[in-house]
Amino acid sequence: MPSVSPPSPVQLPALWLVRHGQSAGNVARDRAEASGAATIELEGRDLDVPLSALGTRQSIALGRWFAKLPAAERPTLVISSPFARAMQTAQIVSDALAGSPVPLTHDERLREKEFGSLNRLTRAGIVARFPLEAEQRALIGKFYYRPPGGESWCDVALRLRALFDHLRLFHAGERVLLVAHQVIVLCARYIIEALTEHDLLAIDRQGDVANCAITSYVRRGAGLALTAYNVVAPLDAEGAAVTDEPDTAACRA
């Protein structure tokens, strides 16, 4: 039976949370970890890292899945992280719903967790360059640990609470699709389902959120009921490979 959360800060008839398609950063991180490198080699800002070719195919598969839903059950509003990989995923899904145009916008509160000084370092790189930070993270735990110049998961949850207040006030009747990042999906579950730190980290230990996987809720009374988590059926249906690489800073894992 789907679990129903306590009265929710997000009063929507339906909510979907989707992680962006595989990005060039995911590929570069995987390559760096496999080779034992200290850094993840990418050009430009993390904000501008695009989808990989596979990530584009995954996003197309996701868009086709949403387009096959009955018109009355499709998203009526798509909100994306401002990061290129999320915006590209959201645009592909929005284009797939062209028969019933869906407003597409972005919100900085959905941005990737900020990794600060640890950005683009592999696990080996973090231990080699910031051994004291590695110790602090192990001591404090990943939910509350804040890297120098970066954010903790708790910080991400705080900005998401502000976004959910905005949705409650201005989009209460909308069926909303949020396209963002792995930690965003997890912290959204933390807020909507009133989870504890222990609950959330237990979910995280089950495995990474897959690229273009769907997490969904429907309104039940005063709360939202979780109907799916990390579901990759849209990709399987279209024959797109499933990927679940962590994001570009290894300290997420």
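Note that the coordinates shown come from a computational prediction; the quantities given were computed from them, not determined experimentally.

Conventions used here
- Per chain, residue numbering runs from 1 following the sequence as it is written.
- Local features are withheld for residues below a pLDDT of 70 in this predicted model, meaning they are given only at 70 or higher, and side-chain atom pairs are given and counted only at 80 or more; totals for whole chains, interfaces and linings count all residues.
- No hydrogens and no water enter the side-chain calculation; it runs on all heavy atoms of the structure.
- By this definition, two strands are paired if DSSP reports at least two bridges between them.
- In this text, helices come from DSSP runs of H or I with a minimum length of four residues, and strands from runs of E with a minimum of two, each type numbered from the N-terminal end.
- For helices, the fitted axis covers only the stretch in contact; all axes are lines through C-alpha atoms, and the angles between them, taken along N-to-C directions, range from 0 to 180 degrees.
- We call two residues contacting when some pair of their heavy atoms lies within 4.5 Å.
- We define the nonpolar core as a collection of buried residues of types Ala, Val, Leu, Ile, Met, Phe, Trp, Tyr and Cys that are connected through side-chain atoms lying within 4.5 Å of one another.
- Exposed residues in this analysis have more than 50% of their type's maximum accessible area, buried residues have under 20%, and partly exposed residues fall in between, with area computed by a 1.4 Å probe over protein chains only.
- Between 30 and 60 degrees the pair is tilted, below 30 it is stacked and above 60 it is edge-to-face, where a pair is any two Phe, Tyr or Trp rings, Trp via its six-membered ring, whose centres lie within 6.5 Å.
- Look at NZ for Lys and CZ for Arg. If either is within 6 Å of the ring centre and within 35 degrees of the ring normal, a charge sits over the ring.

1. Some remarks on the sheet that holds strand 2 (residues 77–80)
Backbone-to-backbone hydrogen bonds join strands into a sheet, with any given pair of strands oriented parallel or antiparallel. Pairing within the open sheet is mixed, and its six strands lie in the order 3-2-4-1-5-6. Only two strands of the sheet have a single neighbouring strand rather than two, namely strand 3 (104–106) and strand 6 (223–231). Along the sheet, successive strands turn relative to each other by an average axial angle of 20 degrees, direction set aside. Looking at chain direction, strand 1 (residues 14–19) and strand 5 (residues 214–220) are connected through five bridges and run antiparallel. Bridge pairing links tryptophan 16 to serine 216 in strand 5. Strands strand 1, strand 4 (175–180), strand 5 and strand 6 of the sheet are contacted by helix 7 (residues 182–192), whose axis makes an angle of about 150 degrees with strand 1.

2. Focus on the nonpolar core
Grouped together as the largest cluster of nonpolar side chains are 35 residues, with contacts concentrated most on Leu110, Trp153, Leu160 and Leu178. The greatest single-element share of this core, amounting to nine residues, is contributed by helix 7. Apart from the residues within four sequence positions on either side, leucine 160 is in contact with Arg109, Leu110, Ile184, Cys187, Ala188 and Ile191. Ala14, Leu62, Leu69 and Leu97 belong to the second-largest nonpolar core, a separate cluster that totals 19 residues.

3. Let's talk about the packing of aromatic side chains
In this description, an aromatic ring pair is defined by two values, namely the gap between the centres and the angle between the planes. Under the criterion given, the structure shown has four aromatic pairs. Residues phenylalanine 143 and tyrosine 190 carry aromatic rings whose centres are separated by 5.0 Å and whose planes lie at 55 degrees to one another, so their mutual orientation is tilted. Taken together, the residues phenylalanine 143 in the loop between helix 5 (131–140) and helix 6 (153–170) and tyrosine 190 in helix 7 connect sequence positions 47 residues apart. The same class applies to phenylalanine 143 and to tyrosine 190, which are both buried. Three or more aromatic residues joined by ring pairs make a cluster, and in this case those are Trp16, Trp65 and Phe66. Positioned above the aromatic ring of tyrosine 229 is the side chain of arginine 189, whose terminal nitrogen or guanidinium carbon lies 4.5 Å from the ring centre.

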